[in-house]
Amino acid sequence: MLRESYIGRAIIRAALRDLEELSEVDVAIVGAGPSGLTAAYYLAKEKFKVVVFERRFSFGGGIGPGGNMLPRIAFQEESLPILEELGVRYEGTEFGVYVVDPSVLIAKLASKAVDAGAKILLGAHVDDVIYKLDPPRVTGILWIWTPIQMSGMHVDPLYTEAKAVVDATGHDAEVISVAARKVPELGIVIQGEKSGYSELSEKLVVEHAGRVAPGLYVTGIAACTVYGLPRMGPIFGGMLLSGRRAAQVIAEDLRGEKVAIPAKE
Ligand code: 48F
């Protein structure tokens, strides 16, 4: 029998169990765009406990709108091995770049991440970090359901402690911007994104993916904002490579291995 009270109880019990699990994780990734989902996939594949907080009720970030709403995005040759690993179909063109249907990339990327064990929490807005001093470090985030945040009513958020917090929030670098403003002890200076220069930015966005401060990492276009790098447009290879690079740095840090962080400009 389909009892209404049972429907509610089934949802509440399973959801609360999940949310309790998310109180403490290895890696909290903020943003389920291309860079955040790629980082989630590679970290979950390495058996880290990963949660992705996404403030929308869907994932993919800037992938969905394609290039000015035309349903294709571009990839350069170096990124093809990742597309192949994800099982994403691509098409060569006479222009030296490859094109992909955005809906295919969203579907494959998200399913790879969740199949590897990452949890994606939709409708969850991250509005602050948790930090500790001596030495200064980020130890987690505060999150709240997006509709509550949008209502403008003051409701205290909940905590998630994490060994690594990743800002994959895109152009606004929201998490690192909050940390820079509210935790000056971390010594973060946001430089602001520069104008478009695809060839350069696609390279730099990968080189600059990684640790910004102890416990705090960046990937994707947020790195352009943090480090004053040029932006790109609807070419996405750098986003996937940047997510993979951030995952490598975090995995090495969490395992206590020495990692060479690229020199920042
Ligand atoms: O913007 P987004 O796709 O970031 P990305 O992974 O990729 C950038 C490209 O889409 C594109 C580009 C490609 O060359 O230039 O712009 O760097 O995804 C960011 C995700 O983060 C979510 C947002 O809804 C989006 O899905 N987000 C942003 N702020 C928050 C957040 C927040 N405070 N809490 C939770 N989610």
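Residues numbered from 1 in each chain as written. Predicted model: local features only at pLDDT ≥ 70, side-chain atom pairs only at ≥ 80, totals over all residues. Heavy atoms only, no water.

Chemist: Give a description of helix H4 (residues 102-116) that names residues and reports values.
Modeler: The end-to-end C-alpha separation of H4 is 21 Å, in line with the 21 Å expected for 15 residues at 1.5 Å each. Among all positions in H4, only Pro102, Val104, Leu105, Ile106, Leu109, Ala110 and Ala113 are buried. Here the buried face of H4 lies against helix H2 (34-45), strand E3 (73-75), helix H3 (80-86), strand E5 (98-100) and helix H9 (237-254). Where H4 terminates, the next one or two residues include Gly117, which has phi positive at roughly 120°. (Helix = DSSP H or I, 4+ residues; strand = E, 2+ residues; numbered from the N terminus. Expected span 1.5 Å × (residues − 1). Buried < 20%, exposed > 50% of the residue type's maximum accessible area, 1.4 Å probe, protein only. Contact = heavy atoms within 4.5 Å.)

Chemist: Kindly report on helix H7 (residues 198-207), identifying the contributing residues and their values.
Modeler: Every buried residue of H7 is listed here: Ser201, Glu202, Leu204, Val205 and Val206. Residues of H7 that are buried sit in contact with helix H8 (222-227), strand E13 (230-231) and H9.

Chemist: Could you give an account of the packing of aromatic side chains, with specific residues and numbers?
Modeler: Considering all chains together, one arrives at four aromatic pairs under this definition. The interplanar angle of 35° and the centroid separation of 5.9 Å between the aromatic rings of Phe53 and Trp143 together place this pair among those described as tilted. Placement of the pair is Phe53 in strand E2 (residues 50-54) and Trp143 in strand E8 (residues 137-145), with a sequence separation of 90 residues. The same class applies to Phe53 and to Trp143, which are both buried. Note on Trp143 and Trp145: the rings are 4.6 Å apart at their centroids and 85° apart in plane angle, and the pair reads as edge-to-face. Residue classification places Trp143 among the buried positions, given a relative accessible area of 6%. One aromatic cluster in this structure is built from Phe53, Trp143 and Trp145. (Phe/Tyr/Trp six-rings, centres within 6.5 Å; stacked < 30°, edge-to-face > 60°.)

Spatial relationships are all this shows, so hold off on functional conclusions.
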